Amino acid sequence: ETRKIHHLGSASVYAGDKESFSESDHDFRTKKVEINSKQELERLVLEIGQEKRTRFVNYRISNVYGSGLNQGFINESIHNIKNNQPIKLFKKVDLVRDYLLIDDLIEAFIELRLNDFTDEKLNLSSGHGIAISEIVSELEAFNSNDLKFIEVDAPTGILGRSVLSCERLEEIIPWKP
């Protein structure tokens with residue numbers, strides 16, 4: 001018997017230009033548009049949950065950073081600094097994202113497992129947007145050597161700002177990342 005399906009997804013389900021994305025900003029059941037691979041995975045979890053008549057949740061996780069992680073701007077930048085390699089920046093774009101420490105994400109999962117919430121989708125984020133330029137300034141302040149940078153073209157269609165609302169999460173668990 002499956003009591004609940006927990007799908008770890010990402011903020012990539014959201015599209016458009018908004019100050020902050022809430023869980024209701026993407027629902028493929030109400031919006032008939034072409035969906036991306038992350039949205040397709042959420043749809044699949046929904047179908048499996050309905051088929052098995054079990055509850056499910058699609059966690060939409062913001063940009064996680066922390067010890068032992070290698071993917072994402074902060075993690076890649078720290079890795080590159082340690083290895084005397086340049087930090088990759090997109091040309092002409094100062095992306096704004098919300099970042100979440102891995103320890104906070106783990107704490108959220110523990111709290112959520114102890115809570116019997118019924119949401120089918122839930123943002124896990126800090127809810128605070130930070131520009132890449134701000135992160136670069138912090139990295140420069142902590143590093144005694146001059147940092148090296150390499151600029152590359154931004155992918156087509158990349159969102160300039162992608163910050164997830166964590167209001168619903170704050171209603172379910174004590175949340176102060």
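Throughout this description, residue numbers start from 1 for each chain and increase along the sequence as written. With pLDDT at 70 or above as the cut-off, local features in this predicted model cover only qualifying residues; side-chain atom pairs require 80 or more to be listed or tallied, and sums for whole chains, interfaces and linings still use all residues. Note that water and hydrogens are dropped before the side-chain values are worked out from all heavy atoms of the structure.

A. Highlighting the packing of aromatic side chains. Only the six-membered ring of Trp is used, alongside the rings of Phe and Tyr, when aromatic pairs are assigned; centres must lie within 6.5 Å, and planes under 30 degrees apart are stacked while those over 60 apart are edge-to-face, with the rest tilted. According to the stated counting rule, one finds one aromatic pair in the structure shown. Ring centres of Y59 and F109 lie 5.2 Å apart, and the angle between their planes is 80 degrees; on these two criteria the pair is classed as edge-to-face. Of this pair, Y59 sits in strand 2 (residues 55-61) while F109 sits in helix 3 (residues 102-113), and the two are 50 residues apart along the sequence. If you follow K4 out to its NZ or CZ, it ends over the ring of F117, 3.7 Å from the centre. Think of it this way: any DSSP run of H or I at least four residues long counts as a helix, any run of E at least two long counts as a strand, and we number them from the N terminus. Criterion for a charge above a ring: Lys NZ or Arg CZ within 6 Å of the ring centre, and within 35 degrees of the ring normal.

B. Main features of unusual backbone geometry. The phi torsion at N84 lies on the positive side, around 55 degrees, for a residue other than glycine. For N84, the location among the structural elements is in the loop between helix 2 (73-82) and strand 4 (87-90). Phi at K92 takes a positive value of approximately 60 degrees, unusual for a residue other than glycine. Take K92: it is sitting in the loop between strand 4 and strand 5 (96-101).

C. Representation of the pairing of strand 5 within the structure. Counting buried residues in strand 5 gives five out of six residues, a clear majority hidden from the surface. Where strand 3 (residues 63-65) lies against strand 5, three bridges are found, and the strand directions are parallel. Across the sheet, N63 pairs through a bridge with Y99, a residue of strand 5. In short, DSSP must find at least two bridges between two strands for them to pair. Across two bridges, the pairing between strand 5 and strand 9 (residues 161-162) is parallel. Bridge pairing in strand 9 places R97 opposite S162. Summary of the burial criterion: residues with accessible area below 20% of their type's maximum are buried, those above 50% are exposed, and those between are partly exposed, where the area comes from a 1.4 Å probe applied to protein chains only.

D. Region of interest: the environment of S24. By secondary structure assignment, the location of S24 is in the loop between strand 1 (4-10) and helix 1 (37-52). Given a relative accessible area of 55%, S24 falls into the exposed group. Expressed as a C-alpha distance, the spacing of S24 and L112, which sit 88 residues apart in the sequence, is 20 Å.

E. The pattern of salt bridges, seen in detail. A side-chain nitrogen of Lys or Arg and a carboxyl oxygen of Asp or Glu constitute a salt bridge if their distance falls within 4 Å. By the definition in use, this model includes seven salt bridges. A salt bridge links D119 to R168; the nearest nitrogen and oxygen atoms lie 2.7 Å apart. Note that D119 is positioned in the loop between helix 3 and strand 6 (121-124) and R168 in helix 5 (residues 167-172), a separation of 49 residues in sequence. Residue D119 is classed as buried on the basis of its relative accessible area of 15%. Using a relative accessible area of 28% as the deciding quantity, one classes R168 as partly exposed. Through salt bridges that share partners, E40, R43 and E47 make up one connected network.

F. Representation of the nonpolar core in the model. Counting 17 residues, the largest nonpolar core has Y59, L112, L122, L124 and L169 as its most contacted members. Going through the elements one at a time, strand 2, helix 3, strand 6 and helix 5 are the ones with two or more residues in this core. In this analysis, two residues are considered to be in contact whenever any of their non-hydrogen atoms come within 4.5 Å of each other. Not counting residues within four places of it along the chain, the set of residues in contact with L124 comprises Y59, R60, I61, S62, L100, L105, F109, L112, L164 and L169. Residue types Ala, Val, Leu, Ile, Met, Phe, Trp, Tyr and Cys, when buried and joined through side-chain atoms within 4.5 Å, form a set referred to as a nonpolar core.

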